[in-house]
Amino acid sequence: MTPMVDLFALLLTFFMLTTSFRPQEAAVIDSPSSISEKQAPDFNLMTIFIDKEGKVFFNIDNGMDTSTHYRTEILKKMAERYSMTFTDKEYDLFGRLSSFGMPLKDLREWINTKDSKDRDKLQVGMPMDSTDNQLGYWILYSRIVNPQAEVAIKGDADAHYTVVKKVMDLLQDNKVNKFNLITNMQKEEVGIKDLPPEQ
Amino acid sequence: MAQIQTEEKAVKKGSKKKRAKKHPTEIDMTPMVDLMCLLITFFMLTTAFSKPKVMVITMPEKDNKEQKEQPKISEVRTLNILLSGKDEVFYYTGQAAPGKPMPRIVQSDFSKDGIRKMLLDRNRELFKKIAEYRDKRLTGQIVVADSTFDETIKEMKKEDQKGPIVLIKADTAARYKDIVNIIDEMAICNIASYAVVDIAQVEEMMLNAYKAGAPLTEFPRIVVKVQQ
C-alpha cells in the first residue's frame, strides 16, 4: 500500500503545481457541436461570447507570458477614447480578470467589486449598436495592441443568427475575415458506405 | 495500512515507576490517503485541461464601397440552402430570376436522411475520391504526413468541377446552431465550395409562400425597400 500512497503524493504535487483555475466566464453558454477537431489557441486569442438572449461579452488574454500586459494597454486606449481615467490599481485588477460585457462607464464598478457573484450581476451585455459601438472599439484596440490575436466566437446554440451576423460584420469591418467558432466535439463517421444508392 | 511503529522504551534503571510493556503505537494512515484522493480529484476537475475545439470559417472580404457584380456561376451546380427557424432547412437548385420558371423549394432536416443524403448524392464523385484517399491512409496503404494529407484534400476540392456550389443563406429566424450544423455538413460531405451570403428578398418571399402552403410559381413583384 505504501507505493500507492507514494503515487498519490506524487500526483497531488503534480496537479498542485500545474493547475490553473479556469477563468470564470461571463455567462453560461451552451455551444453547438461539430465534427471539427482543431483546437483553439491558448493565448493571443480574443473571444466574443454570445449568449441565448443575444447579450455579447468580450475577452482578451494577456499574451504568451506575463511580460506583455495587453489587457491594461487596451483599457488605457479605451479610457483615452472615452475620456475616462482609471487608477493604476484598477488597471492591475483589470489585467487579472477575464470576460466582461457592460458599457464602459460601468466597468470601474465591475473591476472594483470584490465578490464574484456581485460582479456577475453587473454583466449586462456589451453595447454594439451603431450609436454606441463599444464592442467595435474593443476589437479595434485589441487588434492594434496585439495584431497577432485571433478571434474566436463562442455562441449559444439557441442564439439568434442575426446577433452572430452583426458580430461577424463588426469583425469584418475591422478586417478580420477568419473566425474560429467554438464548438463541442461530436464525431460523425461518414464513409463511402453512407452514399445513397445511385438513381 | 502503512504503519509507524515506536520502539519500546527500555526500562530505565532507578526510575520509580515501572513502565508497563507498551504495544507499538500504530498510526492509521487511511484518513490521510482519503484526503489525498479527494484533493487529487479536486485538482483534476478544476485544472484547465480540456481546451475548447473550434470550427474555422473564412468569409469573403466585405466590400461596402461598391456592389460588385456577382461572378457568373453555373446555374446547374448552384445549390441554395435556406435556413429559417430552429432546425428548419430548405433548399433549391439553380437561380430564382425573372423570366425563368421558379425553382422548387424542398424542405429537409438535419438528420442523416435529410440534407446530408441530398448533399452526398450531389457531391458523389468528390466525396468518393476523398473518402477513398482517407481510407487508404487509415489502412496504411499510403503513408503521408498530416500537412500533405490536408494539402492533397484541398487540391482535390479545388480541381473538382462537378460538385455543387453551395450558397448558405439564413433569415432572421435562424439560430446560430443551424448555421454551425450546415457548415458542419459541408465538412462532413466534403463540399468543395460553399459560402455564407445574405438572403435575398425574393428568397424570403419564396420561404413565406412555401410555409403558407402556396409555393411561388413565378417571379414575384419585388417591392424595393428604400433606405431613408
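Counting starts from 1 at the beginning of each chain's written sequence and moves along it residue by residue. As a convention, the first chain written is A and the first ligand written is 1, with the rest following in written order. Per-residue local features of the predicted model are confined to residues with pLDDT of at least 70, and side-chain atom pairs are confined, for both listing and counting, to 80 or more; whole-chain, interface and lining totals are unaffected and use all residues.

A.B. asks: Give a description of the overall build of chain B that names residues and reports values.
C.D. replies: Scanning chain B from terminus to terminus reveals six helices and six strands. Reading chain B from its N terminus to its C terminus gives the helix and strand order α-β-β-β-β-α-α-α-β-α-β-α. Here a residue counts as buried when 20 or more other C-beta atoms sit within 10 Å of its C-beta, as exposed when there are 12 or fewer, and as partly exposed otherwise, the C-beta atoms being derived from the backbone. Taken across its 228 residues, chain B has 23% of its residues classed as buried. The long-range fraction of contacts in chain B, counting pairs at least 24 apart against all pairs at least 6 apart in sequence, stands at 60%. Counting from the N terminus, the helices are DSSP H or I runs at least four residues long and the strands are E runs at least two residues long. Residue pairs are scored as contacts if the distance between their C-beta atoms, which are placed from the backbone, is within 7 Å.

A.B. asks: An account of the overall build of chain A is needed here, citing residue identities and associated values.
C.D. replies: A tally of helices and strands in chain A yields seven helices and six strands. Along chain A, helices (α) and strands (β) appear in the sequence α-β-β-β-β-α-α-α-α-α-β-α-β when read from the amino end. On the principal axes, the C-alpha backbone points of chain A span a range of 65 × 65 × 30 Å. Relative to its 199 residues, chain A shows a buried fraction of 28%. Pairs at least 24 residues apart make up 66% of the contacts formed inside chain A by residues separated by at least 6 positions.

A.B. asks: Tell me about helix 1 (residues 2-18) of chain A, and please be specific about residues and values.
C.D. replies: Given the number of residues in a helix, its expected span is that number minus one, multiplied by 1.5 Å. Compared with the 24 Å implied by 1.5 Å per residue over 17 residues, the 25 Å span of helix 1 of chain A between its first and last C-alpha is a close match. With zero of 17 residues buried, helix 1 of chain A lies mostly on the surface of the structure.

A.B. asks: Go over the pairing of strand 1 (residues 53-58) of chain B with me, naming the residues and quoting the values.
C.D. replies: Note: strand 2 (residues 38-39) of chain A against strand 1 of chain B, two bridges, orientation antiparallel. Bridging across to strand 1 of chain B, Gln-39 of chain A finds its partner in Lys-53 of chain B. Alignment of strand 6 (residues 178-185) of chain A against strand 1 of chain B, held across six bridges, turns out to be antiparallel. Counterpart to Thr-183 of chain A in the pairing with strand 1 of chain B is Lys-53 of chain B. Any two strands are treated as partners once DSSP identifies two or more bridges connecting them.

A.B. asks: Give me the lowdown on the sheet that holds strand 2 (residues 78-83) of chain B, citing residues and values where you can.
C.D. replies: All names here are of chain B. If you walk across this open sheet you meet the five strands as 4-3-2-5-6, and the pairing is mixed. The open sheet has two free edges, formed respectively by strand 4 (106-108) and strand 6 (193-197), since each of these has just one partner strand. Going from strand to strand, the sheet's axes swing by 25° on average, the running direction of each strand aside. Where strand 5 (residues 165-170) and strand 6 come together, five bridges link them in parallel fashion. Orientation is described by lines fitted to C-alpha atoms, with helices fitted over the stretch in contact, and by angles between N-to-C directions that extend from 0 to 180 degrees.

A.B. asks: Let's hear about helix 4 (residues 146-159) of chain B: which residues, and what values?
C.D. replies: Between its first and last C-alpha, helix 4 of chain B extends 20 Å over 14 residues, near the 20 Å set by a 1.5 Å rise per residue. Little of helix 4 of chain B is tucked away: zero of the 14 residues are buried.

A.B. asks: Would you mind going over the packing of helix 3 (residues 124-139) of chain B against helix 4 of chain B in detail, with residue names and values included?
C.D. replies: Residues and elements named next belong to chain B. Packing of helix 3 against helix 4 brings their axes to within 10 Å, and their N-to-C directions diverge by 165°. Taken together, helix 3 and helix 4 sit at an angle that is classed as roughly antiparallel. Between helix 3 and helix 4 lies a crossing of right-handed hand. On helix 4, the residues that touch Leu-126, Lys-129, Ile-130, Tyr-133 and Arg-137 of helix 3 are Phe-149, Thr-152, Ile-153, Met-156 and Lys-157. Residues are grouped as follows: Ala, Val, Leu, Ile, Met, Phe, Trp, Tyr, Cys and Pro are nonpolar; Asp, Glu, Lys and Arg are charged; all remaining types, including Gly, are polar. In terms of residue class, the contact of helix 3 with helix 4 is built from six nonpolar, one polar and three charged. An angle below 35 degrees is read as roughly parallel, one above 145 as roughly antiparallel, one from 65 to 115 as roughly perpendicular, and any other as oblique. Note: crossing handedness is left-handed where the near helix turns anticlockwise from the far helix by less than a right angle, and right-handed where it turns clockwise.

A.B. asks: Outline the pairing of strand 6 of chain A, supporting the account with residue identities and numerical values.
C.D. replies: Each regular strand displays side chains that alternate between the two surfaces of the sheet. Residue and element names in this part refer to chain A. Relative to strand 6, strand 1 (residues 33-34) runs parallel, the two being bridged by two bridges. Considered in strand 6, the bridge of Ser-33 is made with Asn-184. The pairing of strand 5 (residues 150-155) with strand 6 spans two bridges and is classified as parallel. Counterpart to Ala-152 in the pairing with strand 6 is Asn-180. A crossover links strand 5 with its parallel partner strand 6, the connecting element being helix 7 (residues 161-173), and its sense is right-handed. Place the viewer so that the strands point away; then a crossover is right-handed whenever the path from the first strand over the helix to the second strand goes clockwise.

A.B. asks: How would you summarise the interface of chain B and chain A if you had to cite specific residues and measurements?
C.D. replies: Where interface size is given, it is often the accessible area lost as the parts come together that is meant. Facing 44 residues of chain B, the contacting portion of chain A comprises 50 residues. Looking at the side of chain B that touches chain A, the elements with two or more residues in it are helix 1 (30-46), strand 1, helix 2 (115-122), helix 3 and helix 5 (176-188) of chain B. Residues belonging to the side of chain B that touches chain A are distributed by class as follows: 27 nonpolar, five polar and twelve charged.

A.B. asks: Describe the environment of Gly-99 of chain B, naming the residues involved and giving the relevant values.
C.D. replies: Along the polypeptide, Gly-99 of chain B turns up in the loop between strand 3 (89-93) and strand 4. Taking C-alpha positions, Gly-99 of chain B is 8.2 Å from Glu-218 of chain B, a pair spaced 119 residues apart along the chain.

A.B. asks: Quick one: what's the story with the nonpolar core, residue by residue and with numbers?
C.D. replies: Ranked by internal contacts, the top residues of the largest apolar core, which has 73 residues, are Val-56 of chain A together with Ile-81 and Ile-179 of chain B. When residues of this core are assigned to their parent elements, the largest contribution, six residues, is made by helix 5 of chain B. Those residues in contact with Val-56 of chain A, other than ones at most four positions away along the chain, are Ile-48, Phe-49, Ile-50, Gly-101, Gly-125, Met-126, Met-128, Leu-135 and Val-167 of chain A. For this analysis, nonpolar core means a set of buried Ala, Val, Leu, Ile, Met, Phe, Trp, Tyr and Cys residues linked through C-beta atoms within 7 Å.

A.B. asks: Account for the packing of helix 2 (residues 70-81) of chain A against helix 6 (residues 134-145) of chain A, naming residues and giving values.
C.D. replies: Residues and elements named next belong to chain A. One way to put it is that helix 2 packs onto helix 6 with a least axis distance of 9 Å and a crossing angle of 130°. Here helix 2 is positioned oblique relative to helix 6, judged by the angle of their axes. The interaxial crossing formed by helix 2 with helix 6 has right-handed handedness. Every residue of helix 6 that contacts helix 2 at Tyr-70, Glu-73, Ile-74, Lys-77, Met-78 and Arg-81 is listed here: Tyr-137, Trp-138, Tyr-141, Ser-142 and Val-145. Split by residue class, the contact of helix 2 with helix 6 holds seven nonpolar, one polar and three charged.

A.B. asks: So, the confidence of the model for chain B: which residues are in play, and what are the values?
C.D. replies: Residues and elements named next belong to chain B. Averaged over chain B, the pLDDT score is 81; the fraction of residues at 70 or greater is 81%. What pLDDT conveys is the predictor's confidence in a given residue, as a value from 0 to 100. The weakest mean pLDDT in chain B belongs to strand 1 at 86; the strongest belongs to helix 5 at 91. As a predicted assembly, this complex carries a pTM of 0.78 together with an ipTM value of 0.81.

A.B. asks: Kindly report on unusual backbone geometry, identifying the contributing residues and their values.
C.D. replies: A positive phi is found at Lys-175 of chain A, a non-glycine position, where the angle reads about 65°. Summarising the element assignment, Lys-175 of chain A is placed in the loop between helix 7 and strand 6. On the basis of neighbour count, Lys-175 of chain A is assigned to the exposed category, with 10 C-beta atoms found within 10 Å. Even without a glycine there, the phi angle at Asn-190 of chain B is positive, about 55°.

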